[in-house]
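One letter stands for each residue in the lines below.
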Amino acid sequence: MRVLVVEDEPRLADNIATALRDGPGYAVDLTADGQEALFLCGTREYDLVLLDLMIPTLSGQDVVRRLRSANNGTPVLVLTALSNKQTTIELLNLGADDYMTKPFDLGELIARVRALIRRGKGVSQSILEFGVIRLNLAEQTVTSRGDNVDLSPTEYRILEYLIHRPRVIVSKRELLEHLYDFTWEHHSNVIEAHVSNLRRKLRLTTDAEVLETYRGRGYRLAADGAV
Amino acid sequence: MKPQSIVRRTMLLVLSTELLCALVFSGSALWHEWHTRMHAFDVTLSGRSDSILGAAQDAEDAADSIRIDPAEIKIPSSDVYAVYNSGGQLIGSSHNAASALISRTREGFSDKHLDGHAYRVFQRSAMKIIDRDDNDGAGVKRPITIVYAAPTAHIWHEIREAAGFYALTGLLLMAATASLLMMLLRRVLHPIEELATRAASVSKEALHFEAPASALQVKELAPLAQVLSNTVSRLRRAFENEQRFVGDAAHELKTAVAVVRSTIQVLAMRSRSTKEYTSGLDRLLEDNQRVEDLVSRMLTLACMEQQSDPETVATDLGDAVSKAVHNLASFAEARMVAILSETETNVRVCLSMEKAEVLISNLIVNAIQHSTAGAQVKVTVEQRAGKALLQVRDTGAGIAEEALPHIFERFYREDSSRSRETGGAGLGLAICKSIVQSVGGTIRMESTPGVQTVAHISFSLT
């Protein structure tokens, strides 16, 4: 999953990014500027935008408004210092999905981010199933027929992304973009190795080819694999 | 104090003026009337006395005396008369003549009162010619005195009637004026009432005032409406400013606290090595320092905005500069920026030493923060044209033109990331501005990006 953090206080942005990378293992992009945030949302696909309201060049409200009017449905979680009802109502009406007032609890922030991403993908529970594979988003664990599947963090994140979009071919680039931050191009070569490892581990536990590769098109969780 | 009604006062004024005019007018009219009638009456009296003269006849006696034949006289029954001969002997009078009326007094007209009635009395001497056949047709002249009196009651009655007429006309006129005035005043005052109603609807929640068109159309009222409108919009701006400040302050404080909290939570996310914990604690201390700085700056700002120094305070600007430069020496050294000061002596301004130091320090720190290593910050104090001038000059990157009008706003940061690095909260220049303004001075920033930036502060000398 890839998250854009828009926060002009560098230390706070840094801490949030660390928490999101270390915790759920998301790719995190950072910006301190409203205009740039809008530009990034237009050029990359994020699974969530964490947005501070008081940022330079373009206020958080304006960012939400423009995102929504450009038909960008990326979930937006607003971080605000203002806790009055009026602002909150205005924000939600503008199209923000949730908000948290500063100072906030990082644990709660991560939980909300997870929930919003899940809901953004049309999934309402935190345990996702695909055939015999069960993926627990909160615990970040994967089981197959009840047996634990030991995955590396990157392998887990690949599976997590694919399981959110079952039976859909996900391009290598899309996968890269959602897994890594601004540096995704450097990871272009290693992703194949990670996918191959994941495929092997899944084959071992499910006795089926769950993860298919479509040369030049991408990867998908195969329908056939859903036993 | 009880409010006075314009309507009542105007009515009172106009009506009393009108009453006075009516009184003066009726008075003079009545006086004129009385005079004319009296004059006419006098003429009548003299005419009637002529007929009395005509009625005097030769008595045909040896003394050639004369007599009056009442049958020949046609006068109103209320009139009385008497005729005296030259010897003062009453030779004839009306039958109802009271002696008080017909006694001889002096020639001409006079007024007399009898039994509560006023009389006009006319006394005249005349020559009655008798025996025209004698003295070759010239006759015999016999001097007589005629006293004629007539009651004047009817004249007074007529004058009273005239007075009554005037009074009635006056009253009607006043009633008409009053109602017309009432209508007129209502119309005139309507815009004021509308203005008041509109003004009354201004509240803290709805700080908006649009002058009603009716008030703006009245030449005398338009300035008031305009002033009201301007005042309310100034108030609204000030209020919005305050609200923005509160919002900004909340944002800054909560963000600073959020940083501390998130740093702790990141540190606690998993177990770490002693080294990691140590560096984490250092970060935490740094974050906490930021909170402390922010709080102290906000308090400074609040103090500066509230306090005003007594007028007797006088501080030598040069001394304040020396102190500030001394205190900032290590800070400047750490950033490898030199501070030069050029100060005239005895430039004294009405500012406490504490405030002067805060002002100068803030300006120098600001200049140092925007200077690169090896640069110079120059502080000058001089006296020119009766003003104390303080200038702080740096050769840093400068301030963009569009940012210049905002740099004295609270929490304004020209470029957030750069200022975050320099550690400013966007309050330093706001503090400077409130200090300078508290003593009626002026502060402005002049910048040629890439060349130099100069803060100009001007004070009145003490």
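One can find the structure itself at the top, above this paragraph.
Residues numbered from 1 in each chain as written. Chains lettered and ligands numbered in written order. Predicted model: local features only at pLDDT ≥ 70, side-chain atom pairs only at ≥ 80, totals over all residues. Heavy atoms only, no water.

### Notes on the sheet that holds strand β3 (residues 48-52) of chain A
Pairing between the strands of a sheet is mediated by backbone hydrogen bonds and can be parallel or antiparallel.
Residue and element names in this part refer to chain A.
Part 1 of the argument: On the basis of which strands lie adjacent, the open sheet formed by five strands has the order β2-β1-β3-β4-β5 and parallel pairing. Sheet topology places β2 (27-31) and β5 (98-101) at the edges, where each strand pairs with a single neighbour. Within this sheet the neighbouring strands show an average axis-to-axis angle of 20°, counted without direction.
Part 2 of the argument: In this sheet, strand β4 (residues 76-80) lies alongside β3 in parallel orientation, the contact comprising four bridges. In the sheet register, aspartate 52 faces β4, and the bridge partner there is leucine 79.
Part 3 of the argument: Packed onto the sheet, helix α2 (residues 34-43) meets β1 (2-6), β2 and β3 and runs at close to 165° relative to β1. (Pairing = 2+ DSSP bridges. Helix = DSSP H or I, 4+ residues; strand = E, 2+ residues; numbered from the N terminus. Axes fitted to C-alpha atoms, helices over the stretch in contact; angles between N-to-C directions. Contact = heavy atoms within 4.5 Å.)

### Details of the pattern of salt bridges
Residues and elements named next belong to chain A.
Part 1 of the argument: This model, assessed by the stated rule, comprises 32 salt bridges over all chains.
Part 2 of the argument: The closest approach of N and O atoms between glutamate 177 and arginine 173, which form a salt bridge, is 3.1 Å. Separated by four residues within a single helix, glutamate 177 and arginine 173 lie in helix α7 (residues 172-179), roughly one turn from each other.
Part 3 of the argument: The exposure class assigned to glutamate 177 is buried, which follows from its relative accessible area of 8%.
Part 4 of the argument: Here the salt bridges share partners, and the residues they tie into one network are Glu7, Asp52 and Lys102. (Salt bridge = Lys/Arg side-chain N within 4 Å of Asp/Glu carboxyl O. Buried < 20%, exposed > 50% of the residue type's maximum accessible area, 1.4 Å probe, protein only.)

### Quick look at the packing of aromatic side chains
To describe a pair of aromatic rings, you give the distance between the ring centres and the angle between the ring planes.
Part 1 of the argument: Evaluation of the coordinates by the stated rule reveals four aromatic pairs over all chains.
Part 2 of the argument: Geometrically, the ring pair formed by phenylalanine 165 of chain B and tyrosine 166 of chain B is tilted, given 6.1 Å between the ring centres and 55° between the ring planes.
Part 3 of the argument: In textbook terms, an aromatic cluster arises when at least three aromatic residues are bridged by ring pairs, as seen for Phe25, Phe165 and Tyr166 of chain B.
Part 4 of the argument: Geometry around tyrosine 180 of chain A places arginine 157 of chain A over its ring, the cationic atom sitting 5.7 Å from the centre. (Phe/Tyr/Trp six-rings, centres within 6.5 Å; stacked < 30°, edge-to-face > 60°. Lys NZ or Arg CZ within 6 Å of the ring centre and 35° of its normal.)

### Some remarks on the nonpolar core
Part 1 of the argument: Ile16, Leu20, Leu50, Leu109, Val113, Leu159 and Leu175 of chain A are the most contacted members of the largest nonpolar core, which has 55 residues in total.
Part 2 of the argument: Excluding its chain neighbours within four sequence positions, the residues that come into contact with leucine 20 of chain A are Val3, Val5, Gly25, Tyr26, Val28, Leu50, Ile110 and Val113 of chain A. (Core = buried A, V, L, I, M, F, W, Y, C linked by side-chain atoms within 4.5 Å.)

### Describing the pairing of strand β12 (residues 387-394) of chain B
Residue and element names in this part refer to chain B.
Part 1 of the argument: In terms of residue burial, β12 counts as a mostly covered element, since six of its eight residues are buried.
Part 2 of the argument: Examined bridge by bridge, strand β11 (residues 376-384) and β12 share eight bridges and lie antiparallel to one another. Pairing of arginine 384 across the sheet is with lysine 387, part of β12.
Part 3 of the argument: Here β11 folds back onto β12 in antiparallel fashion, the turn holding two residues, of which alanine 385 has a positive phi close to 50°.
Part 4 of the argument: One ladder, built from eight bridges, connects β12 with strand β14 (residues 452-460); its direction is antiparallel. Counterpart to alanine 388 in the pairing with β14 is phenylalanine 459.

### Observations regarding the pairing of strand β11 (residues 218-221) of chain A
Residues and elements named next belong to chain A.
Part 1 of the argument: Covered by surrounding structure in β11 are Gly218 and Arg220 together with Tyr219 and Leu221, the residues of both alternating faces.
Part 2 of the argument: With four bridges joining them, strand β10 (residues 211-214) and β11 adopt antiparallel strand pairing. Its bridge partner being in β11, tyrosine 214 is matched across the sheet by glycine 218.
Part 3 of the argument: If you look at the hairpin formed by β10 and β11, you'll find three residues sitting between the two strands, and glycine 216 has a positive phi there, around 75°.

### Quick word on unusual backbone geometry
Part 1 of the argument: Cis geometry is found at the peptide bond from lysine 102 of chain A to proline 103 of chain A, where omega equals -10°.
Part 2 of the argument: With a phi angle near 65°, arginine 167 of chain A is a residue other than glycine that sits in the positive phi range.
Part 3 of the argument: Residue arginine 167 of chain A is classed as partly exposed on the basis of its relative accessible area, which comes to 48%.
Part 4 of the argument: Non-glycine residue asparagine 346 of chain B carries a positive phi angle of around 60°.
Part 5 of the argument: If you trace the backbone, asparagine 346 of chain B turns up in the loop between β9 (338-343) and β10 (348-349).

It is worth stressing that arrangement in space is one thing and function is another; only the former is reported here.
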